[in-house]
Amino acid sequence: MNRTIDDLANRWLRRKPDGLSQLESRVLQSTIERTTITRDTNKAVAFHQTFGDRLADTIARIGGSWSFILTFVAFLIVWTSGNVWLLSRDAFDPYPFIFLNLVLSMVAALQAPVIMMAQNRQTERDRIDAAHDYEVNLKAEIEIMALHEKLDELRHSEIMGMRDEIVRLAEMVKRIDERLSQQSAS
């Protein structure tokens with residue numbers, strides 16, 4: 001079963017080999033070589049991450065969690081109650097909490113772009129995963145088509161063998177019939 005990429009492209013993808021993408025050529029080559037194409041895309045992405053990328057992911061992971069939200073709500077309650085009831089006259093940030101508003105604005109101004117960077121990186125990771133999924137699915141489809149082809153060949157050879165056996169049995173029946181006819185004539 002000596003096949004080339006050109007043969008497989010024409011047979012299974014119904015396209016000319018020069019119209020194949022690099023990904024499709026790689027899938028066909030792995031089919032010929034009987035090798036796998038699966039890989040851990042997380043390792044590939046992690047290998048190319050910079051310190052800033054890891055930091056953005058960590059901040060987004062923490063900033064988007066319930067534990068962060070609940071902790072921040074607790075901080076706001078402590079801040080406001082401390083400045084309204086406990087400190088009353090000597091409050092660090094008296095009502096209407098102007099310093100707290102400044103701190104919250106600065107946190108939001110810094111956190112929003114970092115979370116957007118992490119989302120952009122997640123989108124890129126999703127694109128890589130989608131391309132890999134397409135590659136694996138294409139390989140699976142090609143392998144299934146190859147199995148169908150092999151089954152069709154086996155079925156055809158079995159049918160041809162049965163046809164030959166039927167012809168042989170028909171000849172034997174004909175000879176037996178001739179012998180019986182000769183014996184009844186004698």
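Just above sits the structure.
What counts, and where the lines are drawn
- Residues numbered from 1 in each chain as written.
- Predicted model: local features only at pLDDT ≥ 70, side-chain atom pairs only at ≥ 80, totals over all residues.
- Heavy atoms only, no water.
- Core = buried A, V, L, I, M, F, W, Y, C linked by side-chain atoms within 4.5 Å.
- Buried < 20%, exposed > 50% of the residue type's maximum accessible area, 1.4 Å probe, protein only.
- Helix = DSSP H or I, 4+ residues; strand = E, 2+ residues; numbered from the N terminus.
- Patch = residues over 30% accessible without salt bridge, like charges linked within 9 Å, V, L, I, M, F, W, Y side chains within 5 Å.
- Areas by Shrake-Rupley, 256 points an atom, 1.4 Å probe, with all protein chains shown as cover.
- Salt bridge = Lys/Arg side-chain N within 4 Å of Asp/Glu carboxyl O.
- Expected span 1.5 Å × (residues − 1).
- Contact = heavy atoms within 4.5 Å.
- Phe/Tyr/Trp six-rings, centres within 6.5 Å; stacked < 30°, edge-to-face > 60°.

## Remarks on the nonpolar core
Among the nonpolar cores identified, the biggest contains 12 residues, and these are Leu-8, Ala-9, Trp-12, Leu-13, Leu-20, Leu-23, Val-27, Leu-28, Ile-37, Leu-138, Ile-142 and Ala-146. Those elements that place two or more of their residues in this core are α1 (5-13), α2 (22-33) and α6 (98-185). The element that contributes the greatest number of residues to this core is α1, accounting for 4 residues.

## Some details on a nonpolar patch on the surface
A surface patch of nonpolar side chains, amounting to about 900 Å² of accessible area, comprises Val-84, Trp-85, Leu-86, Leu-87, Phe-92, Phe-99, Leu-102 and Met-106. Among the secondary structure elements, those contributing two or more residues to the nonpolar patch are α5 (66-86) and α6. Its location among the elements puts Met-106 in helix α6. Owing to a relative accessible area of 48%, Met-106 belongs among the partly exposed residues under this scheme.

## Concerning the environment of Val-27
Structurally, Val-27 can be placed in helix α2. Residues Val-27 and Ile-62, 35 residues apart in the sequence, show an inter-C-alpha distance of 39 Å.

## Details of α6
Given 3.6 residues per helical turn, the α-helix brings residues three or four places apart onto the same face. With 88 residues, α6 ought to run about 130 Å at 1.5 Å a step, and its terminal C-alpha atoms sit 126 Å apart, in line with that. Within the span of α6, buried status applies to Leu-100, Gln-111, Val-114, Ala-118, His-132, Glu-135, Leu-138, Lys-139, Ile-142, Ala-146 and Glu-149. The inward-facing, buried residues of α6 abut α1, α2, α3 (41-47), α4 (51-63) and α5.

## Description of the side chain of Thr-31
Positionally, Thr-31 belongs in helix α2. We classify Thr-31 as buried; its relative accessible area is 6%.

## Things to note about the packing of aromatic side chains
Counted by the stated rule, this structure contains 7 aromatic pairs. Considering the side-chain rings of Trp-79 and Phe-92, the 5.9 Å spacing of their centres and the 80° angle between planes classify their relative orientation as edge-to-face. You can see Trp-79 sitting in helix α5 and its partner Phe-92 sitting in the loop between α5 and α6, a full 13 residues away along the chain. Note on Trp-79: relative accessible area 16%, which makes it buried. Measuring from centroid to centroid gives 5.7 Å for Tyr-95 and Phe-97, while their planes differ by 85°, and the two rings are edge-to-face. Ring pairs connect the aromatic residues Phe-68, Phe-72, Phe-75, Trp-79, Phe-92 and Phe-99, which therefore count as one cluster.

## Observations regarding the pattern of salt bridges
Pairs can form between side chains of opposite charge whenever their charged atoms are close. Applying the stated criterion to the full structure yields 12 salt bridges. A salt bridge links Arg-163 to Asp-164, with the shortest nitrogen-to-oxygen separation between them at 3.2 Å. Residue Arg-163 is classed as partly exposed on the basis of its relative accessible area, which comes to 45%.

Everything listed here is a matter of coordinates, which is why it stays silent on function.
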